[in-house]
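# Topology and contacts: notes
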Amino acid sequence: MTDLPPASEAAPAKPTPWWLWPHVLSLEAPLVAVLWQRALAHAHGIRLTPLLDVGLALACWVIYVIDRTLDTFAAKNIGELDARHAFYHRHRRGLMLGVIPPALTLLAWMAFYVIPEGVLWQAVGLSLLVALYLASWSAQGSRISRDVFIAIAGLGGIMLISRMPLPAGYRFSLSLLVLAVMVLSFLRHLDIRMGNVMPKELTAALLFAMGCTTSTRFLAMPEHWLEPVLESLLLALLFACNLHGISCREQGTDHDRRHPPLVLGTLVFALAMLWLIEFGVLEHALHGPACAVLGAAVLHALVHGSRKRFSVDAYRVLADLALIVPLPLAWL
C-alpha cells in the first residue's frame, strides 16, 4: 500500500477570485507607482512622457516578480503559501527563464534609448540599492557567499556613484544609503536587531518612494534638496503603513502594536508639512502630495481598524486601494 501525500499537497488549490488576480500577478505595485508619479508631476507642474510611466511600471513589476519568486525558495511547506506565492512557486521556472530575462532586456533598452540621462543615472543609483535589498532579504543560500556578494556589489556601487554626473549632495546621500543597507545586511542573521533597526517593510517603502519620485526629483530641478527629501520621506512613511499593516494582518503577532504609532507619525508628519507650506517655509508644490498622503493615511487607518472583518487577501486589496483613492487631493 502506497503512502498518501501530505494533506497540504493532496488538497486541491482554492480558486483565485477575480478581484485578487491583480495582486497575484503583481500588478498593484506598478499601478500605485505610476499613479503617484503622475500626481507628483502635476503637483510640480511638469509634463512626463508616457514612456517614463511605462519604464517605472515595468521596473516596479520586475522587482516585485523577482522578490516574490525568490521568496518561494525559502518556503518549507508549499501548502501554507498564500495565493500570490503559490502562483510564483508553480511558475517560477518559466518566470526566471522566459519572463524576467526579456523584461530586463527591455528595461536596459529603455534606459539607453528612452529615459532622459539625468533620470537614468538616478535610476541606476536606485537599482543598486534594490539589488542590495534583494540580496539581503530575499536571496537564499550560504550566508558567507551572500555577504561577499553584498560587499562587492556595495563597494562597486559606491565607486559607480562617485562617477555619476549628479550633484555632490545627491551622490553623498546615495552612498550613505548604500553603506547603511550593507551594514544592515551583514546584521541580518541577528533577527531581533534587524527588526528593530530597519524592518523589511520600511526598507521596501523607502525604495518604493524613491522610485516614485525619481522623475519629478530630476525634472522639477529644485533649488534645494530639502523639499525632495521631505517628499520622499512622506511617501515612504505612507508606503510603510501599507506594507507594515499587511504584514501585521498576515502574521497577527504582537508587533501589531507598533502599527498605530507608525500611522500616527505619518499623520503628524503630513500635517506638519502642510503647516510649514501654509507659512511659506516649504514650496507650495508639496501641498497637493501632502494632502493626498494625509487622506491616504486616514483611509488606511480606517481599513486597518476594521481588519478583523476582512480576510487577509481582502485586506491586502483594500490597503492598496487606500493608497490611490485619495490621489485626487494632489490636484488641490
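### Remarks on the overall build of the protein
For the protein, the count of helices and strands is 15 helices and 0 strands. Relative to its 332 residues, the protein shows a buried fraction of 44%. Excluding contacts between residues fewer than 6 apart, the proportion of contacts in the protein whose partners are at least 24 apart in sequence is 74%. Roughly 17,300 Å² of accessible area belongs to the protein as shown, and the carbon and sulfur atoms make up 69% of that amount.

### Observations regarding the packing of helix α4 (residues 50-72) against helix α10 (residues 200-212)
Interaxial distance between α4 and α10 falls to 11 Å at its minimum, and their mutual angle equals 160°. Viewed along their axes, α4 and α10 adopt a mutual orientation that is roughly antiparallel. In this structure, α4 crosses over α10, and the sense of that crossing is right-handed. Of the residues in α10, those touching α4 at L56, C60, Y64, D67 and D71 are K200, F208 and G211. Per-class residue counts for the contact of α4 with α10 are 4 nonpolar, 1 polar and 3 charged.

### Topic: the confidence of the model for the protein
With 76% of its residues at a pLDDT of 70 or more, the protein has an overall mean of 81. Here helix α1 (residues 7-10) stands out as the least confident element of the protein, with mean pLDDT 40; helix α14 (residues 287-305) is the most confident, with 96. Here residues 1-12 scores under 50 on pLDDT; set against residues more than four positions off or in separate chains, the count is 3 contacts. Between residues 190-198, whose pLDDT stays under 50, and residues either more than four places distant or in other chains, the model counts 12 contacts.

### A look at the pattern of salt bridges
Across all of its chains, the model carries 5 salt bridges by this definition. The shortest N-O distance in the salt bridge between R84 and E250 comes to 3.5 Å. Remark: E250 occurs in helix α12 (residues 226-251) and R84 occurs in helix α5 (residues 83-113); sequence separation between them is 166 residues. Exposure remark for R84: the relative accessible area of 10% places this residue in the buried category. Between R316 and D313 there is a salt bridge, with the nearest N and O atoms lying 2.3 Å from each other. Of this pair, R316 and D313 both sit in helix α15 (residues 312-324), 3 residues apart, roughly one helical turn. Among the residues examined, D313 registers a relative accessible area of 22% and is labelled partly exposed. Bridged by salt links that share partners, the residues R84, E250, D313 and R316 form one connected network.

### Topic: α4
When the terminal C-alpha atoms of α4 are compared, their 33 Å separation across 23 residues agrees well with the 33 Å that a helix rising 1.5 Å per residue should span. Buried within α4 are the following residues: L52, D53, G55, L56, L58, C60, V62, V65, D67, R68, T69 and T72.

### A short note on α5
Residues separated by three or four positions in an α-helix point in the same direction, a consequence of the helix having 3.6 residues per turn. For α5, spanning 31 residues, the distance from its first C-alpha to its last is only 37 Å, which falls clearly below the expected 45 Å at 1.5 Å a residue. If you look at α5, its biggest bend is around 70°, right at H91. Those residues of α5 that sit buried are R84, H85, A86, F87, Y88, L95, I100, A103, L107, M110 and A111.

### Overview of the packing of α10 against α12
Between α10 and α12, the least distance of the axes is 7 Å, while the angle of their chain directions is 135°. Classified by the interaxial angle, the pair formed by α10 and α12 is oblique. Where α10 crosses over α12, the two elements pack in a sense that is right-handed. Each of E201, L202, A204, A205, L206, F208, A209 and C212 in α10 lies in contact with α12, whose residues at this interface are S232, L235, A236, F239, A240, L243, H244 and S247. Partitioned by chemical class, the residues of the contact of α10 with α12 number 12 nonpolar, 3 polar and 1 charged.

### With respect to the environment of L262
Position of L262 among the secondary structure elements: in helix α13 (residues 259-278). In this structure, the C-alpha to C-alpha distance between L262 and C241, residues 21 residues apart in sequence, is 6.5 Å. Aside from chain neighbours lying at most four places away, what touches L262 is L237, A240, C241 and H244.

### Here's the deal with the nonpolar core
If you look at the biggest cluster of nonpolar residues, it comprises 39 residues, and the most contacted ones within it are W36, F208, L235 and F239. Counting residues per element, the ones that place at least two in this core are α3 (28-43), α4, α10, α12, α13, α14 and α15. Tallying contributions element by element places α12 first for this core, with 8 residues. Discounting chain neighbours no more than four positions away, the residues touching L235 are W36, L40, A209, C212, T213 and V293.

So, how was this worked out
- Residues numbered from 1 in each chain as written.
- Predicted model: local features only at pLDDT ≥ 70, side-chain atom pairs only at ≥ 80, totals over all residues.
- Heavy atoms only, no water.
- Helix = DSSP H or I, 4+ residues; strand = E, 2+ residues; numbered from the N terminus.
- Buried < 20%, exposed > 50% of the residue type's maximum accessible area, 1.4 Å probe, protein only.
- Contact = heavy atoms within 4.5 Å.
- Areas by Shrake-Rupley, 256 points an atom, 1.4 Å probe, with all protein chains shown as cover.
- Axes fitted to C-alpha atoms, helices over the stretch in contact; angles between N-to-C directions.
- Parallel < 35°, antiparallel > 145°, perpendicular 65-115°, else oblique.
- Left-handed = near helix turned anticlockwise from the far one by under 90°.
- Nonpolar A, V, L, I, M, F, W, Y, C, P; charged D, E, K, R; others polar.
- pLDDT = per-residue confidence, 0-100.
- Salt bridge = Lys/Arg side-chain N within 4 Å of Asp/Glu carboxyl O.
- Expected span 1.5 Å × (residues − 1).
- Bend = angle between axes of the 7 residues up to and from the residue.
- Core = buried A, V, L, I, M, F, W, Y, C linked by side-chain atoms within 4.5 Å.

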